[in-house]
Amino acid sequence: MTDMSTTTQAEELAQEAHDSHSADHSDKTVLFGTTINAPVYTVVFGALGALTLFELLIAELFPRNFLTTGLLVIASIIKAVLVVLFYMHLKDDNPLYALALVVPLGIGLIAAFFLLAVPVTGY
Amino acid sequence: MAAIEHQVEHEHGHASPAVRLENLKFATWLYLASEVVIFTVLIATYVVFSLNNREVVHEVHEKSGIVLVALNTFILLSSSWAMVMGLRQLKLGNRQGLITWIGRTALLGTVFVALQYVEYRTLSDAGVVLFYTGGELSEFGMRFYAPTAFHGAHVIVGVLWALFIIWNARRGNYSAENYAGVEVFGLYWHFVDVVWIFLFTFIYLI
Amino acid sequence: MAAVTAPTLPGAAIEQPKRLRVSDYLRWSVDHKIIGVQYMATALFFFIFGGALAMLIRWELLTPAIDLMADGQAYNSLFSIHGTVMIFLWIIPMMAGFANYLVPLMLGAKDMAFPWLNAFAFWLIPPAGIMMILGYFVGQTEAGWTSYPPLSTLFSGDGQTLWALSLHLLGVSSILGAINFIVTIRNMRPAGMGYFQMPLFVWAMLATSIIIVMATPFLAGALTLLILDRVAGTAFFNPAQGGDVLLWQNIFWFYSHPAVYIMVLPAFGIISELLSVHSRKPVFGYRAIALSSMAIALVGFTVWAHHMFTSLTPELRIPFMITSMIIAVPTGIKVFSWLGTIWGGKIHFTSAMLFALGFLSMFVIGGISGVMLGSVPFDIHVHDTYFVVSHLHFVLFGGSVLAVYGAIYHWFPKITGRMLDERLGKIHFWITYPAFFLTFFPMHLAGMLGMPRRVAQYAPEFQTLNVFISIAAFVLGISTFILLYNMVHSLFYGEKAGANPWRALTLEWATSSPPPSTNFIGDPVPFPNPYGYGTEAAYNYVESQNKKYGTVNPSDYEPVEKIGPLSAGTE
């Protein structure tokens, strides 16, 4: 308690975060050992587009069943995670922020699953 | 006394850019936490109905088609990409690049809203309406319009916010060190994009 | 609105704080202390309004027939608005007021993280309150504070729509406030103050704010659907048109069960402060109290359907019964720790301490009746009877309101620079406490005998009980005016308080009373353990503080020799 100074927690956190965003500025992206001549954001954008096309193909070509529905859900989750990690910088940011998404999502899903169960049980 | 007043203004008003960024980012994530909850409830309301009324969902999908909404999905994804490219330009010190890219974001967002309006018109002409008219289509309608329109409202707010960012940037308010306002808008805009990713899959595809 | 006259501080080295006038509290201000007082004054106004409605309810229930009210619907409006006002415009804003005032001070910060947002969150409340009261007058908000459809969709009048809009505004206000608190607590602590050196009130506000951020949107979603049902002709809650009537109950309680912890967790924090300061002992089980708040916050999300035992499928009752029993455990841990805190302490029976002890005793009764209600067989028996009314008033009045009273006696000197009159305070306590008990305890009996809640007409055999309850309630209502008189009188004529009248160790006392607008002169030095009472280091810490602020505490409140290093409780 002796090192009490005038700095606040935020200043310390800001200091920690300062040196993390270097990857954003590069014009090159290394993906699975291959160097791609585009910023990482563009590469992510390409992945998002490809996943969307994949989803559209599945949705249009195959009937809805357990497998295709599962694939669609997984694809959408991957897309969302990509946006959150790269575009919202969660990759480099404080892991605490992830809790701000995960905890309410968990709570929301408890509610959602419960609501799903209600009509099935007869009400 | 005047010195104290000045100090008060300072203490209550401004912190250093780094601290401000840290505070604003955390606050935005917390705000998004409550948005997560509200969208989860709305989507769940839809999903419950959708799982129990497969044939109605199928009928609506037949009527609406997938082309328009797929196009819209790409538009929103592109706007998100434009957003993050704008932030990148700003961090590289290029304010004009920021204005250009955010301008694209705002434009794509506007197109998205316009196309959603077209889609709504198509659907309501086909009998899918918000209020109850006595058929299964309107039972579908209320559950469909609530999440998508709520999302649409977020896009509209986002477009206005983007215009505000452009206005601010033109006045020279942002720099490579002072980018908190843009970063926070980015978080919001990408979140709206993430919501759409799930809406697209759960409402239009499944 | 309360006028705060800053006292002239002895000690020339200290900045003369600007004299705050009444008009300063009626204006937009970003100073968290002014906002805190604004919150509290507004909440007190609505407390009186809601209390007046409660008096009307008890007046109506003096006889088994409808006599005071025009008809049953008017009575429905009465208790609906009473419930909503007391919860959303009294308890929650009052706690927010204390938190606004105290959290930055306790953290040694100059202000909240977002002062402007803070002011904005407050200024949403007056219009929301006006809308709510307008709703009462324009027509038939008659679905209770829970507003179950179809009562709230197909039967209530336009007042119900205003009610929903008003709650929407209040929800936005409390979410914004909560975000502000969480950011403040995480980012504005002075370096070196870890999470486990924070005062327990701050911990309680952290847990509360987390609940608000994650639970209130459920209410917002449900209200949006309700408004759509009422205004746009949708049928989310109307099974006849393809909706689901239970959807509202699920979403509403998914918000409102966590919301009861929004109302009571800050009270827990207040009590932790009060008990420790006034019994001159370190808090027993600091970490247990701090972490049990978080446990309550999380488990609170898994118990909602115990409000719906009679409308759920039977298979789902037992899981919710189990979680409801589990959530009593962290609360029990707190009560145990509080008892451990006062055990062997040097208890000073100040008004604040009396109310804290009153909280402890009454809240335990409310908690136990809560566990009783949580068990399915018993709940089926007393569902929708006065037993439930009794339970919720024991936890909300016996819990939150008594804690707020205690907090007023404890922090009034800090906020205004004047002590409240202790003699009046004790009279206030000794009328409020028995009157409260005699009002609400017999309701258990009425409930178990089968008297339903929310009725204006009841079977004649309950009349004796109801007359008894009503008389006690009138005494309880009148006793509130002792506090109000005390506050107004002490504001002008109260004894000067000095910086630290209770010789407390938390940081809000390490500055003048009321604090200057920058909160502290220089940077405050926190004591390593905010509850390290009874040690020589703590004694010297307070003494050095008193030297800095010149003034010593009024001697008849806490004689210095009583809390000297050797005589303090050390167990």
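Reading the values: the criteria
- Residues numbered from 1 in each chain as written.
- Chains lettered and ligands numbered in written order.
- Predicted model: local features only at pLDDT ≥ 70, side-chain atom pairs only at ≥ 80, totals over all residues.
- Heavy atoms only, no water.
- Helix = DSSP H or I, 4+ residues; strand = E, 2+ residues; numbered from the N terminus.
- Buried < 20%, exposed > 50% of the residue type's maximum accessible area, 1.4 Å probe, protein only.
- Contact = heavy atoms within 4.5 Å.
- Areas by Shrake-Rupley, 256 points an atom, 1.4 Å probe, with all protein chains shown as cover.
- Axes fitted to C-alpha atoms, helices over the stretch in contact; angles between N-to-C directions.
- Parallel < 35°, antiparallel > 145°, perpendicular 65-115°, else oblique.
- Left-handed = near helix turned anticlockwise from the far one by under 90°.
- Phe/Tyr/Trp six-rings, centres within 6.5 Å; stacked < 30°, edge-to-face > 60°.
- Lys NZ or Arg CZ within 6 Å of the ring centre and 35° of its normal.
- Nonpolar A, V, L, I, M, F, W, Y, C, P; charged D, E, K, R; others polar.
- Core = buried A, V, L, I, M, F, W, Y, C linked by side-chain atoms within 4.5 Å.
- Domains from an automatic or database assignment.
- Polar contact = N/O pair within 3.5 Å; in protein donor to acceptor, adjacent residues only side chain to side chain.
- Expected span 1.5 Å × (residues − 1).
- pLDDT = per-residue confidence, 0-100.
- Buried area = accessible area lost by both parts, 1.4 Å probe.
- Salt bridge = Lys/Arg side-chain N within 4 Å of Asp/Glu carboxyl O.

A tally of helices and strands in chain C yields 16 helices and zero strands. Relative to its full complement of 571 residues, chain C shows a buried share of 67%. Sequence-distant contacts in chain C: of pairs separated by 6 or more residues, those separated by 24 or more amount to 81%. Just so you have it, chain C exposes about 18,500 Å², and 71% of that area is on carbon and sulfur atoms.

Looking only at helices and strands, one finds five helices and two strands in chain A. Going from the N terminus to the C terminus, chain A shows its helices and strands as α-α-β-β-α-α-α. Long-range contacts, defined here as pairs at least 24 residues apart, represent 43% of the contacts in chain A between residues at least 6 apart.

Residues and elements named next belong to chain C. Within the secondary structure, proline 442 sits in helix α14 (residues 422–449). A residue is classified by how much of its surface remains accessible, and proline 442, at 11% relative accessible area, is buried. For the pair formed by proline 442 and tyrosine 386, sequence separation is 56 residues and the distance between their alpha carbons is 9.2 Å. The contacts of proline 442, once residues within four sequence positions are left out, are Phe437, Leu465, Phe468 and Ile469.

Moving on to the packing of helix α2 (residues 17–52) of chain B against helix α6 (residues 158–187) of chain C. At a minimum axis distance of 9 Å, the contact between α2 of chain B and α6 of chain C shows a crossing angle of 140°. When the axes of α2 of chain B and α6 of chain C are compared, the pair comes out oblique. Our pair here, α2 of chain B against α6 of chain C, has a crossing hand that is right-handed. Judged by residue contacts, Glu22, Asn23, Phe26, Ala27, Leu30, Tyr31 and Ser34 of chain B of α2 of chain B engage Ile175, Ile179, Ile182, Val183, Arg186 and Asn187 of chain C from α6 of chain C.

What the rule picks out here adds up to 70 aromatic pairs over all chains. Aromatic side chains tyrosine 75 of chain C and phenylalanine 79 of chain C sit 5.6 Å apart centroid to centroid with 65° between the ring planes, which places their arrangement in the edge-to-face category. Of this pair, tyrosine 75 of chain C and phenylalanine 79 of chain C both sit in helix α2 (residues 72–106), four residues apart, roughly one helical turn. Neither residue differs from the other here; tyrosine 75 of chain C and phenylalanine 79 of chain C are each classed as buried. Relative to tyrosine 409 of chain C, the ring of phenylalanine 355 of chain C has its centre 5.6 Å away and its plane inclined at 10°; by these criteria the two rings are stacked. Here the residue phenylalanine 355 of chain C occupies a position in helix α11 (residues 351–374), and tyrosine 409 of chain C occupies one in helix α13 (residues 386–416), the gap between them amounting to 54 residues. The same class applies to phenylalanine 355 of chain C as to tyrosine 409 of chain C, namely buried. Through pairs of rings, three or more aromatic residues link up here, namely Tyr46, Phe49, Phe112, Tyr120, Phe140, Phe144, Tyr145, Trp196 and Tyr204 of chain B. Lying over the aromatic face of tryptophan 167 of chain B, arginine 171 of chain B brings its terminal NZ or CZ to 4.4 Å of the ring centre. Note that arginine 189 of chain C overlies the ring of tyrosine 195 of chain C, its terminal NZ or CZ placed 4.0 Å from the centroid.

To continue, consider the packing of helix α4 (residues 125–138) of chain C against α6 of chain C. Residue and element names in this part refer to chain C. The contact between α4 and α6 brings their axes to 8 Å, and the two run at 165°. The angle between α4 and α6 falls in the class roughly antiparallel. Seen from above, α4 lies across α6 with left-handed handedness. Listed contacts from α6 to Ile125, Ala128, Met131, Met132, Leu134, Gly135 and Val138 of α4 are Gly159, Leu162, Trp163, Leu165, Ser166, Leu167, Leu169, Leu170 and Ser173. Each residue belonging to the contact of α4 with α6 can be placed in one class, and the counts come to twelve nonpolar, four polar and no charged.

In this structure, Trp90, Phe98 and Trp411 of chain C are the most contacted members of the largest nonpolar core, which totals 290 residues. Summarising the domain contributions, this core has at least three residues from each of domain 1 (25–92) and domain 2 (93–123) of chain A. With residues near it in sequence (within four places) discarded, phenylalanine 98 of chain C still touches Met40, Val103, Phe201, Val404, Ala407, Ile408 and Trp411 of chain C. With five residues, the next largest nonpolar core counts Leu373, Val382, Phe387 and Val388 of chain C among its residues.

What follows covers the side chain of serine 276 of chain C. Residues and elements named next belong to chain C. Mapped onto the fold, serine 276 is located in helix α8 (residues 245–278). Taking the relative accessible area as the measure of exposure, serine 276 reaches 0% and is therefore buried. Here lysine 281 takes part through its backbone oxygen, which lies 2.7 Å from a polar atom of the side chain of serine 276. The residues contacting serine 276, other than those within four sequence positions of it, are Lys281, Pro282, Val283, Thr341, Tyr531 and Tyr533.

Residue and element names in this part refer to chain C. The end-to-end C-alpha separation of helix α1 (residues 32–60) is 41 Å, in line with the 42 Å expected for 29 residues at 1.5 Å each. The element α1 is extensively covered by neighbouring structure, given that 23 of its 29 residues are classed as buried. Where α1 starts, the residue carrying a side-chain oxygen 2.9 Å from the main-chain nitrogen of lysine 33 turns out to be aspartate 31.

All names here are of chain B. For helix α5 (residues 95–125), built from 31 residues, the straight-helix expectation of 45 Å at 1.5 Å per residue is met to within 8% by its first-to-last C-alpha distance of 45 Å. Backbone nitrogen of glutamine 96 and a side-chain oxygen of the N-cap are separated by 3.2 Å at the start of α5; the cap is asparagine 94. Glycine 127 occupies a position one or two residues after α5 and carries a positive phi of about 100°.

Residue and element names in this part refer to chain C. With 93% of its residues at a pLDDT of at least 70, chain C reaches an overall mean of 88. In this model residues 1–15 is a low-confidence stretch, pLDDT under 50, and it forms 38 contacts with partners more than four residues away in sequence or in other chains. Counted against residues more than four places away or in other chains, residues 554–571, with its pLDDT under 50, gives 44 contacts.

Glancing now at the interface of chain A and chain B. Taken together, the contact between chain A and chain B spans 49 residues of the former and 46 residues of the latter. For the pair chain A and chain B, the two sides together bury roughly 4,100 Å², of which 77% comes from carbon and sulfur. When the buried area of chain A at its contact with chain B is split by residue, Phe45, Met88 and Tyr97 of chain A rank highest and sum to 16% of it. Taken together, the links from chain A to chain B amount to one salt bridge.

Residue and element names in this part refer to chain C. A cis amide bond links proline 149 to the next residue, proline 150, at an omega of 5°. Along the chain, proline 150 turns up in the loop between α4 and α5 (151–155). Residue serine 513 is joined to proline 514 through a cis peptide bond whose omega torsion reads -10°. Within the secondary structure, proline 514 sits in the loop between α15 (463–493) and α16 (536–549). Unlike most non-glycine residues, serine 147 shows phi in positive territory, near 50°. In this fold, serine 147 is placed in the loop between α4 and α5.

This brings us to the environment of phenylalanine 237 of chain C. Residues and elements named next belong to chain C. On the secondary structure map, phenylalanine 237 appears in the loop between α7 (200–232) and α8. Its relative accessible area of 1% is what places phenylalanine 237 among the buried residues. Distance from phenylalanine 237 to proline 149, taken between C-alpha atoms, is 6.5 Å for residues 88 residues apart in sequence.

Our focus in this paragraph is the pattern of salt bridges. All names here are of chain C. A full pass over the atoms with the stated rule returns nine salt bridges over all chains. Among the ionic pairs, lysine 33 bridges to aspartate 31, the shortest N-O distance being 3.2 Å. By the burial criterion, lysine 33 is buried, and aspartate 31 matches it.

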